[in-house]
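One letter stands for each residue in the lines below.
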Amino acid sequence: MKAKKIIAVFIVLLICSQTIFSYFVTYKEQYYNLFHVHYQQYPDDVMENIYWLEKAVEADFCNPQYALAKINNEKDWEKYRYLFMMHINLKLIEQHMRLGRTWDKQVAYFYDAPWKEEYLRDLEKAESCYQAGLYYWEEAKLWAEKASSASFKFLYLTDIQNWEDECYRITNGNLDYEKILNREIKRVQEVQAAFIAMDEETY
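These notes cover the structure that comes with them. Just so it is clear, the structure is predicted and the values come from calculations on it, not from any experiment. Residue numbers here run from 1 along each chain, matching the order of that chain's written sequence. Note on the predicted model: pLDDT of at least 70 is required for a residue's local features to be given, and 80 or more for side-chain atom pairs to be given and counted; whole-chain, interface and lining totals, by contrast, use all residues. Note that the side-chain values use all heavy atoms of the structure and ignore hydrogens as well as water.

1. Points about helix H3 (residues 43-58)
Structurally, the α-helix is built with 3.6 residues per turn, so residues lying three or four positions apart point the same way.
And then number 1: Under the 1.5 Å per step criterion, the end-to-end length of H3 is 23 Å for 16 residues, consistent within 8% with the ideal 22 Å.
And then number 2: Only protein chains enter the accessibility calculation, which uses a 1.4 Å probe; a residue whose area is less than 20% of its type maximum is buried, one above 50% is exposed, and one in between is partly exposed. Strands are runs of DSSP state E lasting at least 2 residues, helices are runs of H or I lasting at least 4, and numbering of each runs from the N terminus. Residues Asp-45, Val-46, Asn-49, Ile-50, Leu-53 and Ala-56 constitute the buried set of H3. Looking down the long axis of H3, one finds its buried residues gathered within 140 degrees of arc, a one-sided arrangement. Of the exposed residues in H3, the ones pointing more than 90 degrees away from its buried face are Asp-44 and Glu-58.
And then number 3: Note on contacts: a residue pair qualifies if any of its non-hydrogen atoms lie within 4.5 Å across the two residues. Looking at the buried side of H3, the elements it contacts are helix H2 (28-34) and helix H4 (74-103). By definition here, a helix of n residues has an expected span of 1.5 Å times n minus one. Working definition: the arc comes from the directions between the helix axis and the C-beta atoms, pointing outward to the latter.

2. What about the pattern of salt bridges?
And then number 1: Between Lys or Arg on one side and Asp or Glu on the other, a salt bridge is scored when a side-chain nitrogen of the former is within 4 Å of a carboxyl oxygen of the latter. Taken as a whole, this structure holds nine salt bridges when the rule is applied.
And then number 2: As a salt-bridge pair, Lys-141 and Glu-138 come within 3.4 Å of each other at their nearest N and O atoms. Residue Lys-141 and its partner Glu-138 are located together in helix H5 (residues 116-147), separated by three residues, close to a single helical turn.
And then number 3: Classification of Lys-141 by relative accessible area gives partly exposed; the value is 29%.
And then number 4: Taking the relative accessible area as the measure of exposure, Glu-138 reaches 42% and is therefore partly exposed.
And then number 5: Among the salt bridges present, the one from Lys-141 reaches Glu-178, with a minimum N-O distance of 3.7 Å.

3. Overview of the packing of aromatic side chains
And then number 1: Classification of ring pairs rests on two measures: the distance between centres of Phe, Tyr or Trp rings, Trp counted by its six-membered ring, which must be within 6.5 Å, and the angle between planes, read as stacked under 30 degrees, edge-to-face over 60 and tilted in between. Considering all chains together, one arrives at 19 aromatic pairs under this definition.
And then number 2: Residues Tyr-51 and Trp-52 carry aromatic rings whose centres are separated by 5.0 Å and whose planes lie at 65 degrees to one another, so their mutual orientation is edge-to-face.
And then number 3: By relative accessible area, which is 45% here, Tyr-51 ends up partly exposed.
And then number 4: Comment: the charge-over-ring label is applied if NZ (Lys) or CZ (Arg) is within 6 Å of the ring centre and within 35 degrees of the ring normal. One cation-aromatic arrangement involves Lys-28 over Phe-61; the distance from NZ or CZ to the ring centre is 5.1 Å.

This is how it looks when you write it as structure tokens:
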């Protein structure tokens, strides 16, 4: 009987501790913290990351004192928000490219002919992932342009140096996902055309 009471008390304490330390994920920064990259990332991991990043795009920013960088004034806060949105969109591009590679058939070999229809369906999925990346690239460029306006010329948020570097690379043209994505889309379309050209004589 005594053992049952101890177990009951333990269960109650366990439930209470779960309630005490749990919290709702509400803000952009919280959703962003759920984004993670495994050493070996499977499609489900990528889709989970896309989900969290999309939720981060839609959510509100947290109070500046809980930001991912030290915020000293309103100008810091403004630039931080622009850089955050730029960075989130860049991560969405990376994740869509990673997801696209799941279905991407790099080359159409003649011996793939028996599975032509399956490969074409996969290539269509890969292309749609790369096309989605183009949308996020336009968004990233928009936010990078805002973050690099003349009013921020001498303002540098050192806590998020990698975001500042991304912004600089976008504005000077060293980072151009449009070029990368269009190259991938063109290659996928060429592979699709090679599969479509296959007939019963191919294999």
